[in-house]
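Remarks on the overall topology
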Amino acid sequence: MKFLRKASALLITGVLLAACGQQQADNKTAASSATATGDTVGLAISTQNNPFFVSLKEGAQAQADKHGLKLVVVDANDDSGKQAAGVDDLLQQNIKVLLINPTDSEAAAASVNRAAKAGIPVISIDRSVKGADVVSHVASDNVAGGKMAAEFIVSKLPEGGEMVELEGIPGSSAARERGEGFHQVMDAQQKIKIVAKQPADFDRTKGLTVMENILQSHPNVKAVFAHNDEMALGAVKALEAANKKDVIVVGFDATDDAQAAVKAGKMAATVAQKPAKIGEIGVDTAKKVIAGETVEKSIPVELELIKQ
């Protein structure tokens with residue numbers, strides 16, 4: 001009898017150990033499968049010299065950490081050739097999804113097509129890709145933001161006057177779309193005249209230089225719309241140097257520096273995007289794509305006007 005009880009106990013122990021071993025093996029297989037499904041996402045960003053895109057990357061990184069995804073970032077420094085090389089590098093790193101924030105919307109099409117040929121889905125963020133298909137586009141409505149800026153300026157200049165438009169990088173969707181929305185309003189009215197419209201490449205130093213040059217020919221401007229805050233802040237410095245403190249300056253992005261300038265009365269307003277949110281939603285969308293879920297072709301991120 002003792003022998004039977006001992007044999008039964010040994011048998012039960014063996015079954016339990018076998019079950020435990022199988023469970024551990026199953027767990028290892030599950031973990032291996034989770035890794036094999038691809039936890040690496042590539043992010044090709046236009047530049048990290050602009051606070052807006054720093055916030056976008058930080059939002060993406062925070063969300064990647066939250067989801068247990070590895071985010072590999074390449075910085076193009078606003079150079080479309082460098083961005084193409086960076087994307088090619090990402091395609092060699094076993095990424096499962098490519099997030100791309102194009103330096104040049106048309107030039108980025110070749111990189112998107114190479115990714116597609118390699119079987120890697122692409123999501124564009126903040127700026128769109130022209131000439132190639134992406135699985136989703138995550139961005140604020142730049143056209144609506146441009147209209148918002150124009151309507152604000154019109155409301156501030158009921159008597160009309162001269163104004164300046166500082167454009168972003170030629171070829172970028174942000175510059176094209178913000179300008180489009182802005183002109184939908186401005187071209188429909190007669191009192192405000194745009195006397196100068198020049199690119200300053202989304203750059204603060206260039207915004208300063210371009211604005212200084214414009215003021216030499218057009219010293220009586222009453223308003224400036226810049227396609228981003230960096231250029232707007234450069235314009236503010238040029239206006240301050242020329243002792244023109246009553247000019248209405250409106251930017252786009254609502255960076256920390258721009259919001260501080262609005263609060264201090266140096267800028268009249270900025271169209272607030274949410275770059276960190278764009279980055280977060282981009283990674284969330286990538287996670288859904290990796291999981292085989294259907295995602296929206298266009299995912300909008302809300303805007304608001306921050307003003308004095």
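This text goes with the structure placed above it.
Before going into details, it helps to say that this report is about the structure given with it. Keep in mind that this is a model prediction, so the values were computed, not measured.

Here we take up the overall build of the protein. Regarding its fold elements, the protein presents 10 helices and 12 strands. Out of the 308 residues belonging to the protein, those deemed buried represent 48%. Within the protein, residue pairs in contact and separated by at least 24 positions form 75% of the contacts whose partners lie at least 6 positions apart. Put simply, the protein shows about 14,900 Å² of open surface, and 51% of that area lies on carbon and sulfur atoms.

With that out of the way, let us pick up the sheet that holds strand β7 (residues 192-199). With mixed pairing, the 6 strands of this open sheet are ordered in space as β7-β6-β8-β9-β10-β12. With partners counted over all chains shown, the strands left at the sheet margins are β7 and β12 (304-307), one partner each. In this sheet, neighbouring strand axes are inclined to one another by 20° on average, regardless of whether the strands run parallel or antiparallel. Note that strand β6 (residues 161-167) and β7 share 7 bridges and pair parallel. Paired with E162 across the strands is K193, a residue of β7. Each of β6, β7 and β8 (221-226) touches helix α7 (residues 204-217); the most contacted strand, β6, lies at about 150° to it.

What follows is about the sheet that holds strand β11 (residues 298-301). Read across the sheet, 6 strands follow the order β2-β1-β3-β4-β5-β11 without closing on themselves; strand pairing throughout is parallel. In this open sheet, the two edge strands, each paired with only one partner strand, are β2 (70-75) and β11. Taken over all neighbouring pairs, the strand axes of this sheet differ in orientation by 20° on average, direction set aside. In the sheet, strand β1 (residues 40-45) pairs with strand β3 (residues 97-100) via 4 bridges, with the strands oriented parallel. When the bridges of β3 are listed, G42 appears paired with L98. Strand contacts of helix α2 (residues 51-67): β1, β2 and β4 (122-125), with the helix running at about 175° to β1, the strand carrying the most contacts.

Turning to helix α5 (residues 142-156), a few remarks are in order. Taking 1.5 Å of rise per residue, the 15 residues of α5 would be expected to cover 21 Å, and the 21 Å separating its terminal C-alpha atoms lies within 8% of that figure. Measuring from the side-chain oxygen of the N-cap residue of α5 to the backbone nitrogen of V143 gives 3.2 Å; that N-cap residue is D141.

About the cut-offs
Within every chain, residues take consecutive numbers counted from 1 along the sequence as written. pLDDT decides what is reported in this predicted model: residues at 70 or higher carry local features, side-chain atom pairs at 80 or more are listed and counted, and totals for whole chains, interfaces and linings draw on all residues regardless. With hydrogens and water excluded, all non-hydrogen atoms of the structure serve as input to the side-chain values. Numbered from the N terminus, helices here are DSSP runs of H or I no shorter than four residues, and strands are runs of E no shorter than two. Whether a residue is buried, partly exposed or exposed follows from its accessible area with a 1.4 Å probe, protein chains only, as a fraction of its type maximum: under 20%, in between, or over 50%, in that order. Any two residues whose heavy atoms approach within 4.5 Å at even a single point are treated as in contact. Exposure was quantified through the Shrake-Rupley algorithm and a 1.4 Å probe, taking into account, for residues, occlusion by the shown protein chains and nothing else. Two strands pair if DSSP finds at least two bridges between them. Lines fitted to the C-alpha atoms define the axes, with helices restricted to the stretch that makes contact. Angles between their N-to-C directions range from 0 to 180 degrees. Expected span, for any helix, means 1.5 Å times one less than how many residues it has. Pairs of N or O atoms within 3.5 Å make up the polar contacts considered here, provided that, within protein, one atom can donate a hydrogen while the other can accept it, and that residues adjacent in sequence are counted only when both atoms are side-chain atoms.

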